[in-house]
Amino acid sequence: MSRGKGRKGTAKRPTKHPVVVVAGEDRNDRASLRILLEAVCPQMRGRIVEISDDVRLHKATGENLTSRIRTLARKVKARAQREKADVACVFIHEDFDRPDGAAWTAAHAKVEQELSKSLGTGHYVLAAAEMEAWLLLFPGALADTVTTWQIPERRVGRDTGRMADPKRILMTEVTGKGGRKYRESDAPEVVRNIVDNGHLSAPQGTNRSLDRFNEDARVCGEKHIGSGKG
Ligand SMILES: [Zn+2]
């Protein structure tokens, strides 16, 4: 009956979905991760924000590791506040810069343990040896990007996590003579082709760090992103 009466006490609730934060040093790598996350976990679409951070966690130990993660956690929180949203989950990327092996297993476990202490939920994306190794699993997507790009036969069907220098392989072996050379800024387009052209489910070879990332993205979608209900 009392038309026009102002409604009091309707404090604004956040109307936005909680965000997923992708942290990492390199913007091409962050862009690539964003494309992969949205592919594996469609409910992340429109909810991913990025922070630039030099990360450097895999070599850190003890108090040094704890304080670096605390700093990261503060940045993550501040980034979400800028969006006026809560944090749903965090993906932190770093290149291992060494091939896969026992050291990778130990470093990944150590950092993830610290992440869960500081952030609650968070995923450590430790690419072995670097994210370019993931691209070497998808010859079709490389050829979709530049038709002359071809992975040498002896590199196909391998564990690309064991390759010491995947970036060099892309720049020198994949590029044909006189052809357009691979550049780091090509990575997001290659990843876009992996996703859009149906290559993601059919890698030619293995890479444990990519498997781990895919599994993390799937678990994140199921358990951390939720249905949007409080
Ligand atoms: Zn998660």
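Quick caveat: nothing in here was measured; it's all calculated off a predicted structure.

With that settled, consider helix H3 (residues 102-119). Along its 18 residues, H3 runs 26 Å from first to last C-alpha, staying within 8% of the 26 Å computed at 1.5 Å per residue. Those residues of H3 hidden inside the fold are in contact with helix H2 (62-82), strand E3 (87-95), strand E4 (123-127) and helix H8 (208-224). Following H3 by one or two positions, Gly120 has its phi on the positive side, about 80°.

Attention shifts here to the packing of H2 against H3. Where H2 meets H3, the axes come as close as 10 Å, and the angle between the chain directions of the two elements is 50°. As judged from the angle between their axes, H2 and H3 are oblique. Like other packed secondary-structure pairs, H2 and H3 cross with a definite hand, here right-handed. Residues Leu65, Thr66, Ile69 and Ala73 of H2 form the contact with H3, whose own contacting residues are Lys110, Val111, Glu114, Leu115, Ser118 and Leu119. Residues of the contact of H2 with H3, tallied by class, amount to six nonpolar, two polar and two charged.

Further remarks concern the domain arrangement of the protein chain. Size of an interface, as often reported, equals the accessible area lost when the parts are brought together. Each domain of the protein chain was delimited in the assignment, giving domain 1 (19-128 + 207-224) and domain 2 (132-196). Contact residues are listed per partner, giving 18 residues for domain 1 and 16 residues for domain 2. Counting every contact that joins domain 1 to domain 2 gives four residue pairs in polar contact (both at pLDDT 80 or more). Among the elements of the structure, helix H1 (27-40), E4 and H8 are those that each provide at least two residues to the side of domain 1 that touches domain 2. Top contributing element to the side of domain 1 that touches domain 2 by residue count: H1, with seven residues. Tallied by class, the residues present in the side of domain 1 that touches domain 2 amount to eleven nonpolar, five polar and two charged.

Reading guide: rules and limits
By convention here, each chain's residues receive numbers from 1 onward along its written sequence. For this predicted model, a pLDDT threshold of at least 70 governs which residues receive local features, and a threshold of 80 or more governs which side-chain atom pairs are given and counted, while totals over whole chains, interfaces and linings are taken from all residues. Here the side-chain values reflect all heavy atoms present in the structure, with hydrogen atoms and water set aside. A helix here means a DSSP run of H or I that spans at least four residues, while a strand means a run of E at least two residues long, and both kinds are numbered starting from the N terminus. Take the number of residues in a helix, subtract one, and multiply by 1.5 Å to get its expected span. The contact criterion used is simple: two residues touch if any of their non-hydrogen atoms lie within 4.5 Å. Note on geometry: axes are lines fitted to C-alpha atoms, helical ones only across the stretch in contact, with angles between N-to-C directions running from 0 to 180 degrees. When describing relative orientation, an angle under 35 degrees is termed roughly parallel and one over 145 degrees roughly antiparallel, while 65 to 115 degrees is termed roughly perpendicular and anything else oblique. Crossing handedness: left-handed means the near helix sits turned counterclockwise from the far one by under a right angle, and right-handed means the same turn made clockwise. Basically, the charged four are Asp, Glu, Lys and Arg, the nonpolar ten are Ala, Val, Leu, Ile, Met, Phe, Trp, Tyr, Cys and Pro, and anything else, Gly included, counts as polar. Throughout, the edges of the domains are those of an automatic or database domain assignment. Each polar contact in these results corresponds to two N or O atoms within 3.5 Å; when the atoms are within protein, one needs to be able to donate a hydrogen and the other to accept it, and residues that are neighboring in sequence are counted only if both atoms are side-chain atoms.

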